[in-house]
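Fold and geometry: a report
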Amino acid sequence: MDSTIASVVIDNGAATTKAGVSSDEIPSLVFPTSYSQNANTQEVVVGDEIHAHPANDVYTLMKHGMIYNWDNIIYNWEHVYASLQLVPQESPLVMTENVWNTAANKAKTCELAFENLQVPIFSLVKSPLCVTYGMGKATGLVIDIGSSVASVTPILDGAILAKGLKHSRFAGDFLDLHVMNYLTTTHGLKLDSLLPARFANVAVSQSFKTYQIGSVLDDFKSSITALSNFPLSLLQQYQTGLKHYQLPDGKVLPCGPEQLHLAEPLFQPISYALPPPYTIAPSAAGGPQQQTGGLMELVLASLKSLEANGDVYGQLLSNIIITGGGSLLQGLETRLLNDLNRFLPNFNISYYSSSGINSVERKFGSWVGASCLSSIGDDGLVSGFDSGEGLFVSKQDYEEFGVDSVVQRFS
Ligand SMILES: Nc1ncnc2c1ncn2[C@@H]1O[C@H](COP(=O)(O)OP(=O)(O)OP(=O)(O)O)[C@@H](O)[C@H]1O
Ligand SMILES: [Mg+2]
């Protein structure tokens, strides 16, 4: 491949899509993955534009870290090309996927990429490998906290240790539900009062309302809640200052110790079980690696499943990489380190990736790594389909060898 041709890189998450060209350092496009559609005209609206169409119904594209809405994911990808003012036929496309993505999903992705978009060259890269690669590491324990999924992936010398892959549904959205429960149950607020004021007097669909209220819950969580340095159940007493949150209707809500109680479920989902209708149950679609415990249990279950020697554990635990928007929760890294040190006192535990609200590794780690990978761009990456080498598959190879061979390449 001509290394001067930049690839288009798309990292679809349940909440946000990060996209851009590989010559950029960070994704130039970050937009909501949900799209909306006008029930009468069937016109589809993608990206931030959905805020301007309150009567439209809002739909999601991903569940359990995987695309499920195959009839409509193409609108998301087309939006990327339109926004970048690029034509799909003219540049390689690189997409990220979760490690538990199924062969059937990979096949559908390849078909859409080669047949609908007609990209000349395509690659599907595993998110946690991208994260380590982007940080210049071959070994690491990648902890990704997104909106719908939290996952732990051990990587040793550039290879994913599949036995240690674990994930759960206790991530950002789960905490949003706790915030919703707190506002509606503890404070008796009507859900409608959480709708941003600019939509108060316009016709809004129910799904649009839910979507907008979700943004307010996200905002409350990000600005008010914080993780305690130690499990609340172990503390005799704890002090928090008072924070204030201005609700969409202008009322100001004071928030004391709840700041900590609302974040604690990330680590203790069972002790902080939600009442119906907010309950989150494991789903069959999550597969065998899906766990029902909190973040710390996810990490411990991952390490235990490896059945490795102390040296491997040592390497992983001294290279913890924390990523995903949910990891921006205040206090997350301190709590994680404290818990790990308590459970695994004989290891030297350290994490990489900067904290802070603007941390590129946290927000865009997967995209940045995928972008670096696709920029390697020498001929060896494209050719050699027969030998199973290379990161990319060409349209010609796809047509000659068929979708199953291509899927095998990305397994
Ligand atoms: N400052 C913050 N504090 C706490 N949570 C935050 C912060 N900023 C973003 N988030 C949360 O991060 C989540 C989105 O993260 P991310 O973009 O990594 O998810 P995603 O990749 O779209 O989802 P998934 O990985 O589950 O498919 C949301 O739940 C959002 O509320
Ligand atoms: Mg994600």
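Throughout, a residue's number is its position along its own chain's written sequence, starting from 1. Written order decides the labels, with chains lettered from A and ligands numbered from 1. Local features are withheld for residues below a pLDDT of 70 in this predicted model, meaning they are given only at 70 or higher, and side-chain atom pairs are given and counted only at 80 or more; totals for whole chains, interfaces and linings count all residues. Just so you know, side-chain values use all the structure's heavy atoms and leave hydrogens and water out.

In this section: the side chain of Ser168. On the secondary structure map, Ser168 appears in strand E14 (residues 166–168). Of the polar contacts made by the side chain of Ser168, one reaches the backbone nitrogen of Phe170; its length is 3.1 Å. Note on contacts: a residue pair is in contact if any heavy atoms of the two residues lie within 4.5 Å. Ser168 has contacts with Ser148, Val149, Ala150, Gln291, Gly293 and Leu298, leaving out every residue within four places of it along the chain. A run of DSSP states H or I qualifies as a helix once it reaches four residues; a run of E qualifies as a strand once it reaches two. Both are numbered from the N-terminal end. By the criterion applied in these results, polar contacts are pairs of N or O atoms within 3.5 Å in which, for protein atoms, one can donate a hydrogen and the other can accept it, and in which residues neighboring in sequence qualify only through two side-chain atoms.

Picture the strands of a sheet paired through backbone hydrogen bonds; they go either parallel or antiparallel. Two strands pair under a simple rule: DSSP has to find at least two bridges between them. Spatially, six strands are ordered E3-E2-E1-E9-E10-E19 in an open sheet, and the strand pairing comes out mixed. Either end of the sheet is taken by a strand with one partner, and the two such strands are strand E3 (29–32) and strand E19 (393–394). Alignment of strand E2 (residues 16–21) against E3, held across four bridges, turns out to be antiparallel. Looking at the pairing, Lys18 lines up with Val30 of E3. A fitted line through C-alpha atoms serves as each axis, taken over the contacting stretch for helices, and the angle formed by two N-to-C directions is quoted from 0 to 180°. Contacts from helix H2 (residues 103–117) reach strand E9 (93–97), strand E10 (121–126) and E19, with the element oriented near 155° to E10. Against the sheet, helix H10 (residues 360–374) makes contact with strand E1 (8–12), E2, E3, E9 and E10, and its axis sits at roughly 150° relative to E1, the strand it touches most.

Turning our eyes to something else, we now look at the pattern of salt bridges. The working definition used for a salt bridge is a side-chain nitrogen of Lys or Arg within 4 Å of a carboxyl oxygen of Asp or Glu. One pass over the structure, following the stated rule, counts twelve salt bridges. One salt bridge connects Asp176 with Lys221, and the closest N-O pair in it is separated by 3.0 Å. Placement of Asp176 in helix H4 (residues 172–186) and of Lys221 in helix H5 (residues 206–224) is noted, with a sequence separation of 45 residues between them. Take Asp176 and Lys221: they sit in the same class, and that class is buried. Of the charged contacts, one joins Asp339 and Arg342 as a salt bridge, the two residues approaching to 2.9 Å between their closest N and O atoms. Of this pair, Asp339 and Arg342 are both found in helix H9 (residues 332–343), three residues apart, which corresponds to roughly one turn of the helix. Here the term buried applies to any residue with accessible area under 20% of the maximum for its type, exposed to any over 50%, and partly exposed to those in between, with areas from a 1.4 Å probe on protein chains only. When its relative accessible area of 3% is taken as the criterion, Asp339 is described as buried. One network of salt bridges, in which partners are shared, links Glu264, Arg335, Asp339 and Arg342.

Moving on to the confidence of the model for the protein chain. Averaged over the protein chain, the pLDDT score is 92; the fraction of residues at 70 or greater is 94%. Confidence scores here are pLDDT values: one per residue, from the predictor, ranging 0 to 100. Long-range and interchain partners of residues 378–388, a stretch whose pLDDT sits below 50, account for 22 contacts in this model, where long-range means more than four residues apart.

Here we take up unusual backbone geometry. Positioned with a positive phi, Gln85 is a non-glycine residue whose angle comes to about 55°. Assignment of secondary structure puts Gln85 in the loop between helix H1 (73–84) and E9.

A separate point is the domain arrangement of the protein chain. Put simply, an interface is often sized by how much accessible area is lost when its parts join up. A domain assignment, automatic or from a database, supplies the domain bounds used here. According to the domain assignment, the protein chain consists of domain 1 (8–135 + 363–409), domain 2 (140–169 + 285–352) and domain 3 (172–266). A separation of 32 Å is found between the C-alpha centroids of domain 1 and domain 3. Tallying the contact residues gives ten residues for domain 1 and ten residues for domain 3. In total, domain 1 and domain 3 occlude about 770 Å² of area from one another, counting both sides; carbon and sulfur atoms represent 59% of this. Once two parts are brought into contact, the accessible area they lose, counted with a 1.4 Å probe and summed over both, makes up the buried area.

This part covers the site of ligand 1. Nearness is defined per residue: one heavy atom within 4 Å of the molecule or strand is enough. Ligand 1 sits among 19 residues. The nearest are Ala14, Thr16, Ser148, Asp218 and Lys221. One of the backbone N or O atoms of Ala15 is found 2.8 Å from an oxygen atom in ligand 1. Within the contact set of ligand 1, an oxygen atom lies 2.8 Å away from a backbone nitrogen or oxygen of Gly325. Per-residue and other accessible areas were derived by the Shrake-Rupley procedure at a 1.4 Å probe size, with only the shown protein chains allowed to occlude residues. Bound to the protein, ligand 1 loses 87% of the 650 Å² it would expose on its own. Going through the elements one at a time, E2 and H5 are the ones with two or more residues in the shell around ligand 1. With three residues, the top contributor of residues to the shell around ligand 1 is H5. Three residue categories are used. Nonpolar comprises Ala, Val, Leu, Ile, Met, Phe, Trp, Tyr, Cys and Pro, charged comprises Asp, Glu, Lys and Arg, and polar comprises the others, including Gly. Along the lines of polarity and charge, the residues of the shell around ligand 1 split into six nonpolar, ten polar and three charged.

The next point concerns the packing of aromatic side chains. Ring pairs shown here join Phe, Tyr and Trp side chains whose ring centres sit within 6.5 Å, with only the six-membered ring taken for Trp; geometry is labelled stacked below 30 degrees between planes, edge-to-face above 60, and tilted in between. Per the counting criterion, the structure on display carries nine aromatic pairs. Ring centres of Phe114 and Phe122 lie 5.9 Å apart, and the angle between their planes is 80°; on these two criteria the pair is classed as edge-to-face. For the residue pair Phe114 and Phe122, the accessibility class agrees, reading buried in each case. Aromatic pair Phe199 and Phe208: ring centres 5.0 Å apart, planes at 85°, arrangement edge-to-face. Ring-pair connections join several aromatic residues into one group, and the members of that group are Phe114, Phe122, Tyr398 and Phe410. Only lysine NZ and arginine CZ atoms are considered, and such an atom sits over a ring when it is within 6 Å of the ring centre and within 35 degrees of the ring normal. Sitting over the face of the ring of Tyr68, Lys63 holds its NZ or CZ atom 4.4 Å from the ring centroid. The ring centre of Phe267 lies 4.5 Å from the NZ or CZ of Arg335, which sits over that ring.

Now for the packing of helix H3 (residues 127–134) against H10. Two numbers describe how H3 lies on H10: the axes approach to 7 Å, and their chain directions differ by 75°. Of the possible angle classes, the one that applies to H3 and H10 is roughly perpendicular. In contact with Ser127, Cys130, Val131, Tyr133 and Gly134 of H3, H10 contributes Gly365, Ser366, Gly369, Ala370, Cys372 and Leu373. Each angle is binned into one of four classes, with values under 35 degrees roughly parallel, values over 145 roughly antiparallel, values of 65 to 115 roughly perpendicular, and all other values oblique.

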